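Coordinates in review
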Amino acid sequence: RLLVVFVLNGIAASIPATLVLFFIEDVVRRPDLAAVFLVAYFAAGAAGLPLWVWLSRRIGKGQAWFAAMIVSIVAFVWAFLLGPDSAAAYLAICILSGLGLGADLALPPSILADVIDADEARGAGRNEGAYFGLWSLATKMNLALAAGIALPMLQGFGYAPRAENSPQALFVLAAVYALLPGVLKAMAREALFASPFFRRN
């Protein structure tokens with residue numbers, strides 16, 4: 001059940017990672033600021049790590065991850081509304097979604113460690129190698145699935161990088177970059193809420 005949440009959430013995060021440079025160049029139209037946007041995203045992710053760890057100790061790991069997904073969904077939906085000359089707004093989105101990244105980095109592996117401990121408590125032994133091997137495979141699969149879903153969709157609607165694209169093609173780029181991850185994040189959030197990892201008091 002944790003793997004279901006992880007895969008849905010991972011594909012949602014990997015689709016924007018696959019399309020980010022296309023989005024910056026053809027929707028925001030500020031390729032000169034691509035490095036700034038990316039640095040802001042990863043810096044916010046690093047800065048958010050201690051915040052999510054602290055919050056998980058206060059309200060539980062599942063609840064903290066759930067809250068981070070809501071933050072990411074808000075950022076993704078906002079990105080869909082952007083257009084040219086929206087560099088400042090996109091920078092804010094990079095920071096907001098970067099904060100969500102911090103939770104994705106810190107909390108799922110910690111929950112996985114709890115699953116391993118629960119196995120041991122039930123007398124099933126410790127199976128770290130099997131669990132982390134499957135986890136690593138799922139991480140790579142998320143990236144492959146993201147590219148396999150997003151790029152053919154864009155090609156099917158006539159989008160081409162570094163070309164003169166129609167308004168329809170740019171609309172599809174914005175939708176696949178922003179709305180599709182939001183939908184997948186919402187599915188991951190619901191799967192997490194229905195799982196035993198979301199502690200209910």
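Residues numbered from 1 in each chain as written. Predicted model: local features only at pLDDT ≥ 70, side-chain atom pairs only at ≥ 80, totals over all residues. Heavy atoms only, no water.

Overview of the overall build of the chain
A count of helices and strands for the chain gives 6 helices and 0 strands. The order of helices and strands in the chain, counted from the N terminus, is α-α-α-α-α-α. The C-alpha atoms of the chain give a radius of gyration of 18 Å, which matches the 17 Å a tight globule of 201 residues would have. In terms of principal-axis extent, the alpha carbons of the chain reach across some 60 × 30 × 25 Å. Buried positions account for 44% of the 201 residues belonging to the chain. Summarising the internal contacts of the chain: among those between residues at least 6 apart in sequence, 76% fall at separations of at least 24. Accessible surface, the chain: about 10000 Å² in total, of which carbon and sulfur atoms supply 69%. In the chain, 14 side chains carry a positive charge and 12 a negative one; their mean positions are 7 Å apart. (Helix = DSSP H or I, 4+ residues; strand = E, 2+ residues; numbered from the N terminus. Rg over C-alpha atoms; globule rule 2.2 N^0.38 Å. Buried < 20%, exposed > 50% of the residue type's maximum accessible area, 1.4 Å probe, protein only. Contact = heavy atoms within 4.5 Å. Areas by Shrake-Rupley, 256 points an atom, 1.4 Å probe, with all protein chains shown as cover. Lys, Arg positive; Asp, Glu negative; His and termini not counted. Charge placed at Lys NZ, Arg CZ, Asp CG, Glu CD.)

Re the nonpolar core
Residues Ile15, Leu19, Phe23, Trp65, Tyr90 and Tyr177 are the most contacted members of the largest nonpolar core, which totals 54 residues. Mapped onto this core, the elements with two or more residues apiece are helix H1 (2-28), helix H2 (34-59), helix H3 (61-80), helix H4 (87-121), helix H5 (128-156) and helix H6 (167-193). The element contributing the most residues to this core is H1, with 14 residues. Each residue touching tyrosine 90, except ones within four places of it in the same chain, is listed here: Val20, Phe23, Ile24, Val28, Phe37, Leu82 and Tyr177. (Core = buried A, V, L, I, M, F, W, Y, C linked by side-chain atoms within 4.5 Å.)

With respect to the environment of alanine 174
Within the secondary structure, alanine 174 sits in helix H6. Sequence separation between alanine 174 and valine 27 is 147 residues, and the spatial gap between their C-alpha atoms is 7.3 Å. When near neighbours in sequence (up to four residues on either side) are disregarded, alanine 174 contacts Phe23, Phe80 and Leu179.

Examining H4
Quick reminder: α-helices carry 3.6 residues per turn. Residues three or four places apart thus point the same way. With 35 residues, H4 should cover 51 Å at 1.5 Å per step; its first-to-last C-alpha distance of 51 Å lies within 8% of that length. Positive backbone phi, at 90 degrees, marks glycine 123, one or two positions downstream of H4. (Expected span 1.5 Å × (residues − 1).)

Considerations on H1
Remark: the principal bend of H1, roughly 55 degrees, maps to leucine 19. The buried fraction of H1 is high, at 19 of 27 residues. Arginine 29, located one to two residues past H1, shows a positive phi value of around 60 degrees. (Bend = angle between axes of the 7 residues up to and from the residue.)

Regarding the packing of aromatic side chains
The geometry of two aromatic rings is summed up by the distance between their centres and the angle between their planes. Following the criterion strictly, the structure yields 10 aromatic pairs and no others. A centroid spacing of 5.5 Å and a plane angle of 40 degrees characterise the contact between phenylalanine 23 and tyrosine 90, whose relative ring orientation is tilted. Taken together, the positions of phenylalanine 23 in helix H1 and tyrosine 90 in helix H4 put the pair 67 residues apart, joining distant regions of the chain. According to the relative accessible area criterion, phenylalanine 23 is buried, its value standing at 0%. Each residue in the set Phe23, Phe37, Tyr90 and Tyr177 is aromatic and connected to the rest through ring pairs, giving one cluster. (Phe/Tyr/Trp six-rings, centres within 6.5 Å; stacked < 30°, edge-to-face > 60°.)

As for the pattern of salt bridges
Evaluation of the coordinates by the stated rule reveals 4 salt bridges. Two residues, aspartate 114 and lysine 61, come together in a salt bridge whose shortest N-O distance is 2.8 Å. Of this pair, aspartate 114 sits in helix H4 while lysine 61 is found in helix H3, placing the two residues 53 residues apart along the sequence. Two residues, arginine 189 and glutamate 190, come together in a salt bridge whose shortest N-O distance is 3.1 Å. Here arginine 189 falls in the partly exposed class, since its relative accessible area comes to 23%. (Salt bridge = Lys/Arg side-chain N within 4 Å of Asp/Glu carboxyl O.)

A closer look at a nonpolar patch on the surface
Judged by side-chain polarity, Met141, Leu145, Ile149 and Met153 come together as a nonpolar surface patch covering roughly 290 Å² of accessible area. Residue methionine 153 is classed as partly exposed on the basis of its relative accessible area of 34%. (Patch = residues over 30% accessible without salt bridge, like charges linked within 9 Å, V, L, I, M, F, W, Y side chains within 5 Å.)

Comments concerning the confidence of the model for the chain
Summing up the model confidence of the chain, the mean pLDDT is 91 and the portion of residues at 70 or higher is 98%. No element of the chain has a lower mean pLDDT than H5, which averages 90, and none a higher one than H2, which averages 95. (pLDDT = per-residue confidence, 0-100.)

Observations concerning the packing of H1 against H3
Two elements in contact, H1 and H3, have axes whose closest approach is 13 Å; the angle formed by their N-to-C orientations is 30 degrees. Overall, the two elements H1 and H3 adopt an arrangement that is roughly parallel. Relative to H3, H1 is oriented so that their crossing is left-handed. Here Leu2, Val5, Phe6, Asn9, Ala12, Pro16 and Phe23 of H1 come into contact with H3, specifically with Trp65, Met69, Phe76 and Ala79. For the contact of H1 with H3, the residue count by class is 10 nonpolar, 1 polar and no charged. (Axes fitted to C-alpha atoms, helices over the stretch in contact; angles between N-to-C directions. Parallel < 35°, antiparallel > 145°, perpendicular 65-115°, else oblique. Left-handed = near helix turned anticlockwise from the far one by under 90°. Nonpolar A, V, L, I, M, F, W, Y, C, P; charged D, E, K, R; others polar.)

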